[in-house]
Amino acid sequence: MAAPLRIVCYHASPEHAAAACQRAASRIRDLNAVFSDYQEDSEVRRLCATAGQGLAVPVSPDLWELLSLSLDISRQSGGAFDVTLGPLVRLWRRARTLRELPPDRRFTEARRAVGFDKIRMDAAARTVELAAPGMRLDFGAIAKGYAVDAALQVLRENGIARALVDLGGDIGLGDPPPGRRGWIVAVAPLEPDQPPSLFTCLRNCGTATSGDRYRFVVIEGVRYSHILDPKTGLGITTPREVMVIAPSGAAADAWATAVSVLGPEQGLPLIDAAANTAALILQSEDGKTAVYRSRRWPAISAETSVPGPEMKP
């Protein structure tokens, strides 16, 4: 999934642990063959090739499950998270490379193929139809979270409950290390050259961070993020870092993107309405970093500025 993979786990047998980690990594490779936007023969690319043809396509259990979750979060977020953004994502990638905004007509063309309401799902037959021509699904804001969940499940099935799976910053957490209350996960600072000053203590959940510290472009004096606002088709313009903790890595991944788009005023109430979910936002305001926390953040994150000895992994 074009991201570094790190697995940390505890087991009495190093050989057993190594074999389990290999199985977990293999599961992630299999999921890449389902969700990759770059791999021409991926299941998602094959599905997108049928867009606008009126075809109801049978899909794998993984694609069905993740697409169902994606549409749920799209509805809950009012479209701030949307896996049908593929045409706009491709347009924006080109804009970032060329450092110039696409012409209006290109945005108009791309928007015709965007909208989660254009997806038809038949649960009885487990089929999916992409109703509009040119539709292209992009699971870049949720697939890594789903993959860490799947890898953790493989480890559990192999008798390894104390584990952490980190796929490019999307982190799935199992039982904590021996003698510890949880895994220590630092909150990424808004400034790329600064060390973290906030830490969380987590177990049996997923966490994801969404931000543009490294991935942004300045066009005509405006700083645009790589994270797109579905309403405009452009990258968001407020420097913002969002960390979400949720029951699953997939949910954390998707909500981190949605809150990045919505900002604290609109995003945090949605987090408060989601069960066992919390978020923290670092946002640049007048040259300073403003911090916003959801209602359950203190209890779920166990936030601290200096992790104590009993918390250290």
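Details of the structure are given in the entry above.
Residues numbered from 1 in each chain as written. Predicted model: local features only at pLDDT ≥ 70, side-chain atom pairs only at ≥ 80, totals over all residues. Heavy atoms only, no water.

1. Brief notes about the sheet that holds strand β1 (residues 5-9)
Here is step 1: Pairing is antiparallel across the open sheet formed by seven strands, whose spatial order is β1-β5-β6-β9-β12-β13-β14. Two strands close off the open sheet at either side, each with one partner strand: β1 and β14 (288-293). Ignoring which end each strand starts from, the neighbouring axes of this sheet average 10 degrees apart.
Here is step 2: Summarising the sheet, β1 and strand β5 (residues 163-167) pair through five bridges and their orientation is antiparallel. Note on β5: the bridge partner recorded for I7 is V165.
Here is step 3: Against the sheet, helix α1 (residues 14-35) engages β1 and β5, with an angle of about 145 degrees to β1. (Pairing = 2+ DSSP bridges. Helix = DSSP H or I, 4+ residues; strand = E, 2+ residues; numbered from the N terminus. Axes fitted to C-alpha atoms, helices over the stretch in contact; angles between N-to-C directions. Contact = heavy atoms within 4.5 Å.)

2. What about the nonpolar core?
Here is step 1: Grouped together as the largest cluster of nonpolar side chains are 64 residues, with contacts concentrated most on F35, L130, L137, F139 and L155.
Here is step 2: By residue number, the principal contributor to this core is helix α7 (residues 249-273), which donates eleven residues.
Here is step 3: Other than its neighbours up to four places away in sequence, L130 contacts L47, C48, T50, A51, G52, K118, I119, M135 and L137.
Here is step 4: Grouped together as the second largest cluster of nonpolar side chains are 16 residues, C205, I245, L280 and W297 included. (Core = buried A, V, L, I, M, F, W, Y, C linked by side-chain atoms within 4.5 Å. Buried < 20%, exposed > 50% of the residue type's maximum accessible area, 1.4 Å probe, protein only.)

3. Focus on the packing of aromatic side chains
Here is step 1: Here the structure, examined in full by the defined rule, presents four aromatic pairs.
Here is step 2: Ring geometry for F35 versus Y146: centroids 5.8 Å apart, planes at 80 degrees, classification edge-to-face. Of the two residues, F35 is situated in helix α1 and Y146 in helix α6 (residues 143-157); the sequence distance between them amounts to 111 residues. Per residue, the accessibility class of F35 equals that of Y146, and both read buried.
Here is step 3: Both rings, one in W92 and one in Y224, keep their centres 5.3 Å apart while their planes meet at 75 degrees; by these two values the pair is edge-to-face. (Phe/Tyr/Trp six-rings, centres within 6.5 Å; stacked < 30°, edge-to-face > 60°.)

4. Digging into the state of the cysteines
Here is step 1: This structure, assessed with the given rule, holds zero disulfides.
Here is step 2: For C9, which is in no disulfide, the shortest distance to another cysteine sulfur is to C21 and amounts to 3.8 Å. (Disulfide = S-S within 2.5 Å.)

5. Comments concerning helix α3 (residues 61-76)
Here is step 1: Between its first and last C-alpha, α3 extends 23 Å over 16 residues, near the 22 Å set by a 1.5 Å rise per residue.
Here is step 2: Buried within α3 are the following residues: D62, L63, W64, L66, L67, S70, L71, I73 and S74.
Here is step 3: Where α3 is buried, its residues contact α1, α2 (43-48), β3 (119-122), β4 (127-130), α6 and α7. (Expected span 1.5 Å × (residues − 1).)

6. Looking at the packing of α1 against α6
Here is step 1: It is the contact of α1 with α6, at a shortest axis distance of 9 Å, that shows an interaxial angle of 145 degrees. For the crossing formed where α1 meets α6, the hand is right-handed. For the pair formed by α1 and α6, the contact residues are A20, C21, R23, A24, R27, I28, L31 and F35 on the first element and A143, Y146, A147, A150, A151, V154 and L155 on the second.
Here is step 2: A per-class count over the contact of α1 with α6 returns 13 nonpolar, no polar and two charged. (Left-handed = near helix turned anticlockwise from the far one by under 90°. Nonpolar A, V, L, I, M, F, W, Y, C, P; charged D, E, K, R; others polar.)

7. What about the pattern of salt bridges?
Where charged atoms of side chains with opposite charge meet at close range, the side chains can pair.
Here is step 1: Per the stated rule, a full pass over the model turns up ten salt bridges.
Here is step 2: Linking D37 and R136 is a salt bridge whose minimum nitrogen-to-oxygen distance equals 3.0 Å. With D37 in the loop between α1 and α2 and R136 in the loop between β4 and α6, the pair connects residues that are 99 residues apart, well separated along the chain. Like D37, the residue R136 is buried in the burial classification.
Here is step 3: Linking D170 and K144 is a salt bridge whose minimum nitrogen-to-oxygen distance equals 3.5 Å. (Salt bridge = Lys/Arg side-chain N within 4 Å of Asp/Glu carboxyl O.)

8. So, α6
Here is step 1: When the terminal C-alpha atoms of α6 are compared, their 21 Å separation across 15 residues agrees well with the 21 Å that a helix rising 1.5 Å per residue should span.
Here is step 2: With eleven of 15 residues buried, α6 is to be regarded as a mostly interior element.
Here is step 3: Those residues of α6 not exposed but buried are A143, K144, G145, Y146, A147, V148, A150, A151, L152, V154 and L155.
Here is step 4: Looking at the buried positions of α6, the neighbouring elements they touch are β1, α1, α3, β5, β6 (170-173) and α7.
Here is step 5: Note on α6: the residue one or two positions beyond its end, G159, has a positive phi of about 80 degrees.

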